[in-house]
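# Chains, contacts and geometry: an overview
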Amino acid sequence: MRKCRCKQESKVKISRAEYRTMGRFIEQLRPTRQCMDTLKTRFPHLPPSTLLSIFSQEYQKRMKRSVARHHAPDVVKGYYHWYRSEAKMRPTAPLLLELANEVDLSPALLARLILEYFLQEREASVPASRHVLNNMLREPYLIPDLLLAKHIEQCTVNDCCYGPLVDCIKHAIGLEHEDILRDKLRERNLSFLDENQLRSKGYDKTPDIILEVPIAVDGLIVHWIESKASFGDDHSHHAYLNEQFWSYCNRFGPGLVIYWCGFIAELDCQRERGILLKDGFPSDIVTLCQGPARS
């Protein structure tokens, strides 16, 4: 699985109509490495990081709509016994990947269901703790069944939307883009406090950056900046508005949100209320002391 680096690619804003077209196309895809090749062929004008972010978000919505039926006890039991039966006849085949594709379930989510059932059966119907499950998914060698461990690992390695490997990569990418943002601010000699500094001062819920001296971007005075290493779609952006951005505006004033992998163009409609969207660090800013500052 290759690391997404949004910062190195072209800036992206797409219309809501184009995004809906992409969503309909994504409905037929599974979270495999091959799906990214399919998306690149179908949408060659979009950067790989944008395609991966959009696919991941759309696929997660799909899973949330259908996950309840996969968790039904009789369904999980059926999946597990099918796996055990097939493993006796085809132990080297990627059985859980095949099953995940057949039932349209994330391989990593299926792996979790199968592992949980295995542990419960092994421990005389005592449910496995979340801690034990997570450890075994992260480190399959801890699973006391070598063949099952191999198939579990295949699921986590080949799922580009769920699982411990994906979680680690997303976390690393988020930190990387926060570093990029800080570097950009330092390059322009802009004084700021980052999230860690703000927490040390007693703030609880803060944006990634508070500017000690505000800047102007596209005519809006910006007091804070939030970095999002993802694509801004309707669902995620509205959630961020309610959970983060409006709170930041109320506490600190107007601010800038950077969606490094792009966003739906129509979402940049809250400037009068104090929220500006960009798909990269602004190339033309105005500071109170220096006037225009260009990259």
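Now for a quick tour of the structure. (Residues numbered from 1 in each chain as written. Predicted model: local features only at pLDDT ≥ 70, side-chain atom pairs only at ≥ 80, totals over all residues. Heavy atoms only, no water.)

The next thing to look at is the overall build of the chain. When its secondary structure is counted, the chain shows 11 helices and nine strands. Seen through its principal axes, the chain has C-alpha atoms that stretch 75 × 45 × 30 Å. Counting across all 295 residues of the chain, residues that qualify as buried make up 51%. In the chain, the proportion of contacts linking residues at least 24 apart, taken out of those at least 6 apart, comes to 65%. When the accessible area of the chain is evaluated, it comes to approximately 14,900 Å², of which 51% is carbon and sulfur surface. Put simply, the chain has 41 plus and 38 minus side-chain charges, and the middle of one group is 1 Å from the middle of the other. (Helix = DSSP H or I, 4+ residues; strand = E, 2+ residues; numbered from the N terminus. Buried < 20%, exposed > 50% of the residue type's maximum accessible area, 1.4 Å probe, protein only. Contact = heavy atoms within 4.5 Å. Areas by Shrake-Rupley, 256 points an atom, 1.4 Å probe, with all protein chains shown as cover. Lys, Arg positive; Asp, Glu negative; His and termini not counted. Charge placed at Lys NZ, Arg CZ, Asp CG, Glu CD.)

Here we take up the nonpolar core. Counting 68 residues, the largest nonpolar core has Leu39, Phe55 and Leu115 as its most contacted members. The element that contributes the greatest number of residues to this core is helix H6 (residues 107-122), accounting for eight residues. With residues up to four places along the chain from it excluded, the contact list for Phe55 reads Ile26, Leu29, Arg30, Pro31, Cys35, Leu39, Cys160 and Cys161. Core analysis: the second largest hydrophobic core is formed by 18 residues, Leu190, Ile215, Val217 and Ile285 among them. (Core = buried A, V, L, I, M, F, W, Y, C linked by side-chain atoms within 4.5 Å.)

Another point: unusual backbone geometry. With phi around 55 degrees, Asp104 is a residue other than glycine that occupies positive phi space. Mapped onto the secondary structure, Asp104 falls in the loop between helix H5 (95-103) and H6. Classification of Asp104 by relative accessible area gives buried; the value is 18%. Its identity as a non-glycine residue notwithstanding, Asn189 has a phi of 55 degrees, on the positive side.

Let's shift gears to the packing of aromatic side chains. Using the criterion set out here, one finds 10 aromatic pairs in the structure. With 5.3 Å between their ring centres and 75 degrees between their planes, Trp224 and Tyr248 make a pair best called edge-to-face. Here Trp224, found in strand S4 (residues 220-228), pairs with Tyr248, found in helix H11 (residues 234-252); they are 24 residues apart in sequence, far enough to count as distant. Residue classification places Tyr248 among the buried positions, given a relative accessible area of 3%. Put simply, the rings of Trp224, Tyr240, Phe245 and Tyr248 touch in pairs and so form one group of aromatic residues. Above the plane of the ring of Tyr240 lies Lys228, whose end atom (NZ or CZ) is 3.9 Å from the centre. The ring of Trp246 carries the charged tip of Arg273 above its face, separated from the ring centre by 4.2 Å. (Phe/Tyr/Trp six-rings, centres within 6.5 Å; stacked < 30°, edge-to-face > 60°. Lys NZ or Arg CZ within 6 Å of the ring centre and 35° of its normal.)

Take the pairing of strand S8 (residues 284-287) next. Alternating positions in S8 separate cleanly, Ile285 and Thr287 being buried on one face and Asp284 and Val286 remaining unburied on the opposite face. Two strands pair when backbone bridges link them, and strand S3 (residues 209-217) and S8 are joined in this way by two bridges, in the antiparallel orientation. When the bridges of S8 are listed, Ala216 appears paired with Val286. (Pairing = 2+ DSSP bridges.)

Once that is clear, we can look at the side chain of Arg188. For Arg188, the location among the structural elements is in the loop between helix H9 (164-187) and strand S2 (192-194). Residue class for Arg188 comes out buried when judged on its relative accessible area of 11%. A polar atom in the side chain of Arg188 sits 3.1 Å from the backbone oxygen of Lys184. (Polar contact = N/O pair within 3.5 Å; in protein donor to acceptor, adjacent residues only side chain to side chain.)

Here the focus is the pairing of S3. Counted residue by residue, S3 has seven buried out of nine residues, so it is predominantly covered. Inspection of the sheet shows S2 paired to S3 by three bridges, in the antiparallel sense. Its bridge partner lying in S3, Asp194 is registered against Ile209. Between the antiparallel neighbours S3 and S4 lie two residues, among them Asp218 with a positive phi of about 55 degrees.

As enumerated under the stated definition, the model contains 18 salt bridges in all. The salt bridge involving Glu187 is made with Arg188; its shortest N-O contact spans 3.5 Å. Salt bridges here are not isolated pairs; linked through shared partners, they connect Asp218, Asp268, Arg271 and Lys278. (Salt bridge = Lys/Arg side-chain N within 4 Å of Asp/Glu carboxyl O.)

For helix H3 (residues 48-70), which comprises 23 residues, the first-to-last C-alpha distance of 31 Å matches the rise-based estimate of 33 Å (1.5 Å per residue) to within 8%. The largest bend in H3 comes to about 40 degrees, at Lys64. (Expected span 1.5 Å × (residues − 1). Bend = angle between axes of the 7 residues up to and from the residue.)

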